[in-house]
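Structure assessment
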Amino acid sequence: MSVNLKQLIMVSILASATILATGPSVDAAKKRKARAAAAPVSSAPYNGGVVAPGGVPRWVQYDQGGMYYYSRNELEKAKQYWLASLKLAEQAVPAEKAKGLSVTTEQNACNLINHLAMFVSDTKLNPNGAVYGSQGYSGLPNSVASSQDPRRLAYDSMVAHLRTMKEDARWLDRVMVFAERTVGKDNRCLASMKGTRGQMAISEQNCKYTMANLERELNIGRSSVDSKPINPTAGNNSGLAPNGEYIPPGNNP
(Lines give C-alpha, C1' and ligand atoms only; values in the text may rest on other atoms or scores of the structure.)
Protein backbone atom coordinates (compact mmCIF):
# COMPACT_ATOMS: atom_id res chain seq x y z
CA MET A 1 0.00 0.00 0.00
CA SER A 2 1.43 3.35 -0.97
CA VAL A 3 2.17 6.06 1.56
CA ASN A 4 -0.38 8.42 -0.04
CA LEU A 5 -3.13 5.80 0.21
CA LYS A 6 -2.34 5.16 3.89
CA GLN A 7 -2.50 8.91 4.62
CA LEU A 8 -5.85 9.19 2.85
CA ILE A 9 -7.30 6.31 4.88
CA MET A 10 -6.07 7.85 8.15
CA VAL A 11 -7.57 11.24 7.29
CA SER A 12 -10.93 9.58 6.53
CA ILE A 13 -10.89 7.68 9.83
CA LEU A 14 -10.07 10.81 11.82
CA ALA A 15 -12.81 12.81 10.09
CA SER A 16 -15.41 10.13 10.85
CA ALA A 17 -14.34 10.00 14.47
CA THR A 18 -14.63 13.78 14.77
CA ILE A 19 -18.16 13.76 13.33
CA LEU A 20 -19.24 10.97 15.69
CA ALA A 21 -17.72 12.75 18.66
CA THR A 22 -19.15 16.21 17.99
CA GLY A 23 -22.50 15.40 16.35
CA PRO A 24 -24.43 14.18 19.41
CA SER A 25 -23.05 16.95 21.66
CA VAL A 26 -24.17 19.63 19.20
CA ASP A 27 -27.63 18.08 19.01
CA ALA A 28 -27.81 17.82 22.79
CA ALA A 29 -26.84 21.48 23.16
CA LYS A 30 -29.56 22.51 20.75
CA LYS A 31 -32.10 20.42 22.66
CA ARG A 32 -31.05 21.94 26.00
CA LYS A 33 -31.41 25.45 24.57
CA ALA A 34 -34.86 24.65 23.20
CA ARG A 35 -35.99 23.19 26.53
CA ALA A 36 -34.73 26.26 28.42
CA ALA A 37 -36.55 28.63 26.10
CA ALA A 38 -39.80 26.70 26.45
CA ALA A 39 -39.55 26.23 30.22
CA PRO A 40 -42.04 28.18 32.38
CA VAL A 41 -40.83 30.86 34.77
CA SER A 42 -39.73 29.45 38.09
CA SER A 43 -42.21 29.92 40.92
CA ALA A 44 -39.36 30.99 43.19
CA PRO A 45 -38.46 34.69 43.45
CA TYR A 46 -35.83 35.66 40.90
CA ASN A 47 -32.77 37.44 42.25
CA GLY A 48 -30.33 37.63 39.38
CA GLY A 49 -30.03 38.56 35.73
CA VAL A 50 -32.46 40.47 33.57
CA VAL A 51 -32.64 38.25 30.50
CA ALA A 52 -34.02 34.73 30.55
CA PRO A 53 -32.83 31.93 28.25
CA GLY A 54 -33.96 32.65 24.72
CA GLY A 55 -33.42 36.43 25.06
CA VAL A 56 -36.80 37.23 26.67
CA PRO A 57 -36.46 39.74 29.54
CA ARG A 58 -37.20 38.21 32.91
CA TRP A 59 -39.75 40.89 33.74
CA VAL A 60 -41.69 40.04 30.57
CA GLN A 61 -41.67 36.36 31.50
CA TYR A 62 -42.98 37.16 34.96
CA ASP A 63 -45.69 39.38 33.49
CA GLN A 64 -46.77 36.55 31.19
CA GLY A 65 -46.67 34.20 34.17
CA GLY A 66 -49.04 36.52 36.01
CA MET A 67 -51.55 36.34 33.17
CA TYR A 68 -51.16 32.56 33.07
CA TYR A 69 -52.07 32.19 36.74
CA TYR A 70 -54.79 34.83 36.49
CA SER A 71 -56.44 32.80 33.71
CA ARG A 72 -56.30 29.78 36.03
CA ASN A 73 -57.95 31.84 38.81
CA GLU A 74 -54.85 31.51 41.01
CA LEU A 75 -55.06 35.18 41.90
CA GLU A 76 -52.50 35.43 44.71
CA LYS A 77 -49.87 33.70 42.60
CA ALA A 78 -50.73 35.99 39.69
CA LYS A 79 -50.17 39.02 41.95
CA GLN A 80 -46.81 37.66 43.11
CA TYR A 81 -45.67 37.25 39.52
CA TRP A 82 -46.78 40.75 38.55
CA LEU A 83 -45.04 42.26 41.58
CA ALA A 84 -41.86 40.37 40.69
CA SER A 85 -42.20 41.65 37.13
CA LEU A 86 -42.59 45.24 38.35
CA LYS A 87 -39.53 44.99 40.59
CA LEU A 88 -37.35 43.89 37.66
CA ALA A 89 -38.96 46.24 35.13
CA GLU A 90 -38.42 49.27 37.40
CA GLN A 91 -34.71 48.76 36.82
CA ALA A 92 -34.55 47.34 33.32
CA VAL A 93 -36.98 49.51 31.34
CA PRO A 94 -35.77 52.99 32.40
CA ALA A 95 -32.22 51.84 31.62
CA GLU A 96 -33.31 50.93 28.11
CA LYS A 97 -35.32 54.13 27.78
CA ALA A 98 -32.11 56.13 28.18
CA LYS A 99 -30.99 54.63 24.87
CA GLY A 100 -34.44 54.60 23.28
CA LEU A 101 -37.26 52.12 23.87
CA SER A 102 -37.98 49.56 21.21
CA VAL A 103 -41.57 49.13 20.05
CA THR A 104 -41.59 45.67 21.63
CA THR A 105 -40.41 46.92 25.02
CA GLU A 106 -42.95 49.75 24.98
CA GLN A 107 -45.77 47.29 24.27
CA ASN A 108 -44.54 44.90 26.97
CA ALA A 109 -44.35 47.78 29.46
CA CYS A 110 -47.91 48.82 28.58
CA ASN A 111 -49.10 45.26 29.10
CA LEU A 112 -47.51 45.18 32.55
CA ILE A 113 -48.96 48.59 33.46
CA ASN A 114 -52.48 47.48 32.53
CA HIS A 115 -52.10 44.25 34.48
CA LEU A 116 -50.91 46.16 37.56
CA ALA A 117 -53.88 48.52 37.26
CA MET A 118 -56.12 45.46 37.45
CA PHE A 119 -55.16 45.22 41.14
CA VAL A 120 -57.68 48.06 41.58
CA SER A 121 -60.11 47.86 38.66
CA ASP A 122 -60.59 44.11 38.22
CA THR A 123 -63.58 42.64 40.03
CA LYS A 124 -61.75 39.39 40.78
CA LEU A 125 -58.58 40.98 42.13
CA ASN A 126 -60.45 43.76 43.93
CA PRO A 127 -64.16 43.00 44.47
CA ASN A 128 -64.60 46.31 46.31
CA GLY A 129 -63.32 48.15 43.26
CA ALA A 130 -66.38 47.19 41.23
CA VAL A 131 -68.07 50.30 42.57
CA TYR A 132 -65.53 52.47 40.75
CA GLY A 133 -67.23 51.61 37.49
CA SER A 134 -70.58 52.96 38.70
CA GLN A 135 -71.71 56.54 39.03
CA GLY A 136 -71.62 56.53 42.79
CA TYR A 137 -71.49 54.67 46.03
CA SER A 138 -74.70 54.05 47.92
CA GLY A 139 -72.94 53.04 51.12
CA LEU A 140 -75.84 50.74 52.00
CA PRO A 141 -74.87 47.39 53.51
CA ASN A 142 -76.28 44.18 52.11
CA SER A 143 -78.07 43.36 55.34
CA VAL A 144 -79.11 45.49 58.29
CA ALA A 145 -79.53 44.22 61.83
CA SER A 146 -82.86 45.32 63.30
CA SER A 147 -81.17 46.42 66.53
CA GLN A 148 -78.88 48.88 64.74
CA ASP A 149 -79.58 52.14 63.01
CA PRO A 150 -79.22 51.43 59.28
CA ARG A 151 -77.82 54.92 58.79
CA ARG A 152 -74.95 54.17 61.17
CA LEU A 153 -74.22 50.90 59.39
CA ALA A 154 -74.22 52.73 56.08
CA TYR A 155 -71.86 55.36 57.49
CA ASP A 156 -69.43 52.77 58.86
CA SER A 157 -69.50 51.00 55.51
CA MET A 158 -68.56 54.21 53.75
CA VAL A 159 -65.72 54.86 56.18
CA ALA A 160 -64.28 51.46 55.23
CA HIS A 161 -64.84 52.28 51.57
CA LEU A 162 -62.84 55.51 51.84
CA ARG A 163 -60.01 53.65 53.54
CA THR A 164 -59.91 51.06 50.76
CA MET A 165 -60.03 53.78 48.15
CA LYS A 166 -57.00 55.51 49.68
CA GLU A 167 -55.02 52.28 49.47
CA ASP A 168 -56.09 51.75 45.86
CA ALA A 169 -55.15 55.33 45.00
CA ARG A 170 -51.68 54.88 46.48
CA TRP A 171 -51.17 51.76 44.40
CA LEU A 172 -52.23 53.50 41.19
CA ASP A 173 -49.86 56.35 42.04
CA ARG A 174 -46.99 53.85 42.17
CA VAL A 175 -48.01 52.34 38.86
CA MET A 176 -48.22 55.81 37.32
CA VAL A 177 -44.69 56.63 38.52
CA PHE A 178 -43.46 53.51 36.73
CA ALA A 179 -45.44 54.50 33.64
CA GLU A 180 -43.98 58.00 33.58
CA ARG A 181 -40.44 56.62 33.88
CA THR A 182 -40.98 54.18 31.03
CA VAL A 183 -43.65 54.88 28.41
CA GLY A 184 -44.53 58.43 29.49
CA LYS A 185 -47.59 59.78 31.30
CA ASP A 186 -49.33 60.70 28.03
CA ASN A 187 -49.01 57.28 26.44
CA ARG A 188 -52.33 56.12 25.01
CA CYS A 189 -52.06 52.78 26.81
CA LEU A 190 -52.74 54.58 30.11
CA ALA A 191 -56.27 55.56 29.09
CA SER A 192 -57.89 52.71 31.01
CA MET A 193 -56.03 53.45 34.23
CA LYS A 194 -56.79 57.16 33.97
CA GLY A 195 -60.45 56.24 33.49
CA THR A 196 -60.36 54.18 36.68
CA ARG A 197 -58.84 57.09 38.58
CA GLY A 198 -61.58 59.38 37.30
CA GLN A 199 -64.27 56.94 38.41
CA MET A 200 -62.62 56.70 41.82
CA ALA A 201 -62.73 60.48 42.17
CA ILE A 202 -66.48 60.50 41.47
CA SER A 203 -67.03 57.64 43.90
CA GLU A 204 -65.06 59.49 46.56
CA GLN A 205 -67.10 62.67 46.12
CA ASN A 206 -70.39 60.78 46.29
CA CYS A 207 -69.25 58.91 49.38
CA LYS A 208 -68.14 62.06 51.19
CA TYR A 209 -71.33 63.89 50.27
CA THR A 210 -73.52 61.15 51.75
CA MET A 211 -71.29 60.83 54.82
CA ALA A 212 -71.57 64.55 55.52
CA ASN A 213 -75.37 64.23 55.53
CA LEU A 214 -75.22 61.24 57.86
CA GLU A 215 -72.82 62.98 60.23
CA ARG A 216 -75.36 65.76 60.64
CA GLU A 217 -78.30 63.38 61.07
CA LEU A 218 -76.47 61.13 63.53
CA ASN A 219 -74.80 64.00 65.41
CA ILE A 220 -71.38 62.44 64.87
CA GLY A 221 -68.85 64.62 66.68
CA ARG A 222 -65.72 63.71 64.74
CA SER A 223 -65.93 63.58 60.98
CA SER A 224 -64.42 60.66 59.08
CA VAL A 225 -64.53 62.65 55.85
CA ASP A 226 -60.94 63.51 55.09
CA SER A 227 -59.69 66.64 53.35
CA LYS A 228 -62.53 69.15 53.01
CA PRO A 229 -65.81 67.72 54.28
CA ILE A 230 -68.82 68.21 52.03
CA ASN A 231 -71.52 69.42 54.40
CA PRO A 232 -74.76 70.47 52.69
CA THR A 233 -75.73 72.64 55.69
CA ALA A 234 -72.57 74.71 55.27
CA GLY A 235 -72.66 74.83 51.49
CA ASN A 236 -71.01 72.52 49.00
CA ASN A 237 -67.55 73.99 48.46
CA SER A 238 -66.29 71.17 46.27
CA GLY A 239 -68.03 72.41 43.15
CA LEU A 240 -69.35 68.91 42.51
CA ALA A 241 -72.81 67.42 42.85
CA PRO A 242 -73.18 63.91 44.32
CA ASN A 243 -73.00 62.44 40.81
CA GLY A 244 -69.71 64.20 40.12
CA GLU A 245 -71.15 66.96 37.94
CA TYR A 246 -69.94 70.54 38.30
CA ILE A 247 -72.20 72.92 40.25
CA PRO A 248 -72.00 76.64 39.36
CA PRO A 249 -71.52 78.98 42.35
CA GLY A 250 -74.81 79.96 43.98
CA ASN A 251 -76.57 76.77 42.90
CA ASN A 252 -75.44 74.50 45.71
CA PRO A 253 -77.98 71.91 46.86
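Preceding this section is the structure that the text describes.
Heads up: these notes are all about the structure in this document. Please read all numbers here as calculations on a predicted model, not as lab measurements.

1. As for the overall build of the protein
Within the protein, the regular secondary structure consists of six helices and zero strands. When the helices and strands of the protein are placed in sequence order, the string is α-α-α-α-α-α. Here the protein holds 253 residues, and 33% of them are scored as buried. Carbon and sulfur atoms provide 54% of the accessible area of the protein, an area that totals close to 15300 Å².

2. Quick word on helix α3 (residues 75-97)
The terminal C-alpha atoms of α3, which comprises 23 residues, lie 31 Å apart, in line with the 33 Å expected from a rise of 1.5 Å per residue. Of all the bends found along α3, the most pronounced is centred on Ala 89 and spans about 40°. Three or more residues of α3 are buried, namely Ala 78, Tyr 81, Trp 82, Ser 85, Leu 86, Leu 88, Ala 89, Glu 90, Val 93 and Pro 94.

3. A word on the packing of α3 against helix α4 (residues 103-121)
Viewed as axis vectors pointing N to C, α3 and α4 meet at an angle of 140°, and their least axial separation amounts to 10 Å. Crossing geometry of α3 relative to α4 is assigned as left-handed. Packed against α3, whose contacting residues are Lys 79, Trp 82, Leu 83, Ser 85, Leu 86, Ala 89, Val 93 and Glu 96, the element α4 presents Thr 105, Leu 112, His 115, Leu 116, Met 118 and Phe 119 at the interface.

4. A word on the state of the cysteines
A covalent bond between the sulfur atoms of two cysteines is referred to as a disulfide. Counted according to the given criterion, the structure contains one disulfide. A sulfur-sulfur separation of 2.3 Å characterises the disulfide bridge that pairs Cys 110 with Cys 189. What sets the handedness of the Cys 110 and Cys 189 disulfide is the S-S torsion sign, and at about -75° it is left-handed. Of the two residues, Cys 110 sits in helix α4 while Cys 189 sits in the loop between α5 (150-182) and α6 (191-218), which places them 79 residues apart along the sequence. On the basis of relative accessible area, Cys 110 is assigned to the buried category, the value being 4%. According to the relative accessible area criterion, Cys 189 is buried, its value standing at 14%.

5. Brief notes about the nonpolar core
Grouped together as the largest cluster of nonpolar side chains are 46 residues, with contacts concentrated most on Trp 59, Trp 82, Ile 113, Leu 116, Trp 171, Met 193 and Met 211. Contributions of two or more residues to this core are made by α2 (58-71), α3, α4, α5 and α6. The leading source of residues in this core is α5, at twelve residues. Discounting residues that sit within four places of it in the chain, Trp 171 has contacts with Leu 83, Leu 86, Leu 116, Phe 119 and Val 120.

6. Describing the packing of aromatic side chains
All chains considered together, the criterion is met by six aromatic pairs. Here Tyr 62 and Tyr 81 contribute two aromatic rings whose centre-to-centre distance is 5.4 Å and whose plane-to-plane angle is 45°, an arrangement assigned as tilted. Here Tyr 62 is found in helix α2, whereas its partner Tyr 81 is found in helix α3, with 19 residues between them in sequence. Summarising the aromatic geometry, the rings of Phe 119 and Trp 171 are spaced 5.1 Å apart at their centres and angled 5° between planes, so their arrangement reads as stacked. Of this pair, Phe 119 sits in helix α4 while Trp 171 sits in helix α5, and the two are 52 residues apart along the sequence. For Phe 119, a relative accessible area of 12% puts it in the buried group.

7. Some words on the pattern of salt bridges
Taken as a whole and judged by the stated rule, the model has seven salt bridges. In this structure, the salt-bridge partner of Glu 204 is Lys 208, at a minimum N-O distance of 2.8 Å. Of the two residues, Glu 204 and Lys 208 are both situated in helix α6; the distance of four residues between them amounts to about one turn of the helix. On the basis of relative accessibility, which here comes to 26%, the residue Glu 204 falls in the partly exposed class. Taking relative accessible area as the criterion, Lys 208 reaches 6% and is therefore assigned buried. In the salt-bridge network here, residues are joined through shared partners; they are Asp 149, Arg 151 and Glu 217.

The rules behind the values
- Residues numbered from 1 in each chain as written.
- Predicted model: local features only at pLDDT ≥ 70, side-chain atom pairs only at ≥ 80, totals over all residues.
- Heavy atoms only, no water.
- Helix = DSSP H or I, 4+ residues; strand = E, 2+ residues; numbered from the N terminus.
- Buried < 20%, exposed > 50% of the residue type's maximum accessible area, 1.4 Å probe, protein only.
- Areas by Shrake-Rupley, 256 points an atom, 1.4 Å probe, with all protein chains shown as cover.
- Expected span 1.5 Å × (residues − 1).
- Bend = angle between axes of the 7 residues up to and from the residue.
- Axes fitted to C-alpha atoms, helices over the stretch in contact; angles between N-to-C directions.
- Left-handed = near helix turned anticlockwise from the far one by under 90°.
- Contact = heavy atoms within 4.5 Å.
- Disulfide = S-S within 2.5 Å.
- Core = buried A, V, L, I, M, F, W, Y, C linked by side-chain atoms within 4.5 Å.
- Phe/Tyr/Trp six-rings, centres within 6.5 Å; stacked < 30°, edge-to-face > 60°.
- Salt bridge = Lys/Arg side-chain N within 4 Å of Asp/Glu carboxyl O.

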